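Secondary and tertiary structure notes
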Amino acid sequence: DALLLLGIDIFVIAVVRHILSSVMHIRTVPPPLATRKKLLKTIIETLGPLSSGSVFYDLGSGTGQVVCAVAASHAEVRCIGIEKHVIPYYLARYNAWRLGLRNVTFRRTDILTETYADATHLYTYLYPETMDLLLTHLTKQVTTGVVLVSLDFQFTQKASVSRIPLAKDKAGELGETLFVYRF
């Protein structure tokens, strides 16, 4: 099961979290999130129909857990992870390679300089300040009907079409709400 392979062992996650918290300003990006298997399935279901011709972007993809899960479950979808930080970018590429995914690529760039005109589906786990900057950027680029799913953080200038509360397996787990937007 490809989703099972997406888990990085606890030691690697601890090392990555330590490195990331050391090299990144703590309010620039949310803390690294080891996305639970159940949460990955919920995110994929929440994105709505994905088919050939769909283009999925994970904005701030980190180590690639979400974009790799989408790629693994939808081989016909073109999946793109955008990550500006070097360590998670290379871990994401490694994870995609390890899983043998041919429909996923990663770009090491800033999410606010990338073009999303071809996007049909977007996913984010970004702080509200970044979400609002991203909204201005996306509004100029994406076509009508594009779906954006955000974990925990919402736009302050755009209403979500739905909110999905998430069940947690353990106390202290990150990931409380999915916010769904349509452009």
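Each remark here, short or long, concerns the structure printed above.
Let us look at the structure shown here. No experiment lies behind these values; they were computed from the predicted model shown.

How each quantity is defined
Residues numbered from 1 in each chain as written. Predicted model: local features only at pLDDT ≥ 70, side-chain atom pairs only at ≥ 80, totals over all residues. Heavy atoms only, no water. Helix = DSSP H or I, 4+ residues; strand = E, 2+ residues; numbered from the N terminus. Polar contact = N/O pair within 3.5 Å; in protein donor to acceptor, adjacent residues only side chain to side chain. Contact = heavy atoms within 4.5 Å. Core = buried A, V, L, I, M, F, W, Y, C linked by side-chain atoms within 4.5 Å. Buried < 20%, exposed > 50% of the residue type's maximum accessible area, 1.4 Å probe, protein only. Patch = residues over 30% accessible without salt bridge, like charges linked within 9 Å, V, L, I, M, F, W, Y side chains within 5 Å. Areas by Shrake-Rupley, 256 points an atom, 1.4 Å probe, with all protein chains shown as cover. Salt bridge = Lys/Arg side-chain N within 4 Å of Asp/Glu carboxyl O. Phe/Tyr/Trp six-rings, centres within 6.5 Å; stacked < 30°, edge-to-face > 60°. Lys NZ or Arg CZ within 6 Å of the ring centre and 35° of its normal.

Inspection of the secondary structure puts Gln141 in the loop between helix H6 (128-139) and strand S5 (147-151). At 2.5 Å, the side chain of Gln141 forms a polar contact with the backbone nitrogen of Tyr116. Residues in contact with Gln141, not counting those within four places in the same chain, are Glu114, Thr115, Tyr116 and Ala117.

The next thing to look at is the nonpolar core. Judged by nonpolar contacts, the single largest core of 53 residues is most densely connected at Phe56, Tyr57, Tyr116 and Leu122. Top contributing element to this core by residue count: helix H4 (residues 65-73), with 6 residues.

For the rest of this paragraph, the subject is a nonpolar patch on the surface. Nonpolar side chains collect at one region of the surface, where Val86, Ile87 and Tyr90 lie side by side and expose about 250 Å² of accessible area between them. Note on placement: Tyr90 falls in helix H5 (residues 86-99). Given a relative accessible area of 49%, Tyr90 falls into the partly exposed group.

As a further point, take the packing of aromatic side chains. With the rule as written, the count across this model stands at 7 aromatic pairs. Residues Tyr57 and Tyr116 carry aromatic rings whose centres are separated by 5.0 Å and whose planes lie at 90° to one another, so their mutual orientation is edge-to-face. Of this pair, Tyr57 sits in strand S1 (residues 55-59) while Tyr116 sits in the loop between strand S3 (104-107) and strand S4 (121-124), and the two are 59 residues apart along the sequence. Taken as a pair, Tyr57 and Tyr116 share a single burial class, namely buried. A ring pair is formed by Tyr89 and Tyr90, whose centres lie 4.8 Å apart and whose planes are at 75°; its orientation type is edge-to-face. Put simply, the rings of Tyr125, Tyr127 and Phe153 pair up and form one aromatic cluster. In this arrangement the basic side chain of Lys158 is found over the ring face of Phe183, its NZ or CZ atom lying 4.8 Å from the centre.

Everything listed here is a matter of geometry and, on its own, says nothing about what the molecule does.
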